[in-house]
Every structure is written in C-alpha cells, then in structure tokens.
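Structural overview for review
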Amino acid sequence: MGDDWIHRIEVEKVLPKEAGTTYPRCLTGRRACPPEDCGGLWGYADFVTAITDPAHEQHDELLEWVGGAFAPEHFDATAINKQLTAR
C-alpha cells in the first residue's frame, strides 16, 4: 500500500511451446520477493540488515513479523509457477 514496488520482467527468448506444459511459467530469477508492507526499497534494505544480523536491535521483532524466517537470496521457480497456474 504505497511501497510502489516496480518489478522488472525481462523476456530474453521466446521458445517453442511444449506439449503438456502450463503457461505462463517462470524459468529462473534472483532473490526473494520483499514481504508486503516492509517500507519500500529503503525499508526492505533496513529489514534485510536487521534479520541477517542477530545482534541488531530489531532482529527478533522483524523475524517474528515476517513469520519466523526469511531468506533474501532464496528464489523458488516451482513455487512461483504454482502461483501462476493457480490464477
């Protein structure tokens, strides 16, 4: 709500359609999607700093807020494709 995220999706190549494959589908990507309401670009940077530093004063609070764990470098194309086909 007002974080104004802009996600860049880049089509690098159009491949022939594969029989039995559901489209659209994601082949690859980098990093996890920022959690909702984390405060935009600057808030997300602060969030990542806090959750990756156990000594940070907001470490525990922000990990609890995000559900206990968050891996900023994690990317799961399988989970994304499940979301794409669920719509």
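Quick look at the structure, then.

**A look at the overall build of the chain**
Of the regular secondary structure elements, the chain holds three helices and zero strands. Listed N to C, the secondary structure of the chain is α-α-α in terms of helices and strands. For the chain, whose C-alpha radius of gyration is 16 Å, the value lies well above the compact-globule estimate of 12 Å for 87 residues. Scored against the burial criterion, the 87 residues of the chain give a buried share of 21%. For the chain, the share of sequence-separated contacts (at least 6 apart) that also reach a separation of at least 24 residues comes to 63%. Charge centroids of the chain, computed over 8 positive and 15 negative side chains, lie 18 Å from each other.

**A look at the pattern of salt bridges**
All chains considered together, the criterion is met by two salt bridges. Two residues, Arg25 and Glu18, come together in a salt bridge whose shortest N-O distance is 3.1 Å. What makes Glu18 partly exposed here is its relative accessible area of 40%. The partner of Arg31 in a salt bridge is Glu73, with the nearest N and O atoms 3.7 Å apart. Here Arg31 is found in the segment before α1 (40-51), whereas its partner Glu73 is found in the loop between α2 (59-65) and α3 (77-85), with 42 residues between them in sequence. Exposure remark for Arg31: the relative accessible area of 46% places this residue in the partly exposed category. You can call Glu73 exposed: its relative accessible area is 60%.

**Remarks on the nonpolar core**
Most often, soluble globular proteins have nonpolar side chains that are buried together. If you look at the biggest cluster of nonpolar residues, it comprises eight residues: Cys38, Tyr44, Phe47, Val48, Ala50, Ile51, Leu62 and Leu63. Where this core is concerned, the elements lending two or more residues are α1 and α2. Of the residues forming this core, the biggest block, five residues, is contributed by α1. Among residues more than four places away in sequence, those in contact with Ile51 are His59, Leu62, Leu63, Phe70 and Pro72.

**Notes on the side chain of Asn81**
Mapped onto the secondary structure, Asn81 falls in helix α3. In this structure Asn81 comes out as buried when scored by relative accessible area, which is 18%. Excluding residues within four positions of it along the chain, Asn81 makes contact with Pro24, Arg25 and Cys26.

Basis of the calculations
Residues numbered from 1 in each chain as written. Predicted model: local features only at pLDDT ≥ 70, side-chain atom pairs only at ≥ 80, totals over all residues. Heavy atoms only, no water. Helix = DSSP H or I, 4+ residues; strand = E, 2+ residues; numbered from the N terminus. Rg over C-alpha atoms; globule rule 2.2 N^0.38 Å. Buried < 20%, exposed > 50% of the residue type's maximum accessible area, 1.4 Å probe, protein only. Contact = heavy atoms within 4.5 Å. Lys, Arg positive; Asp, Glu negative; His and termini not counted. Charge placed at Lys NZ, Arg CZ, Asp CG, Glu CD. Salt bridge = Lys/Arg side-chain N within 4 Å of Asp/Glu carboxyl O. Core = buried A, V, L, I, M, F, W, Y, C linked by side-chain atoms within 4.5 Å.

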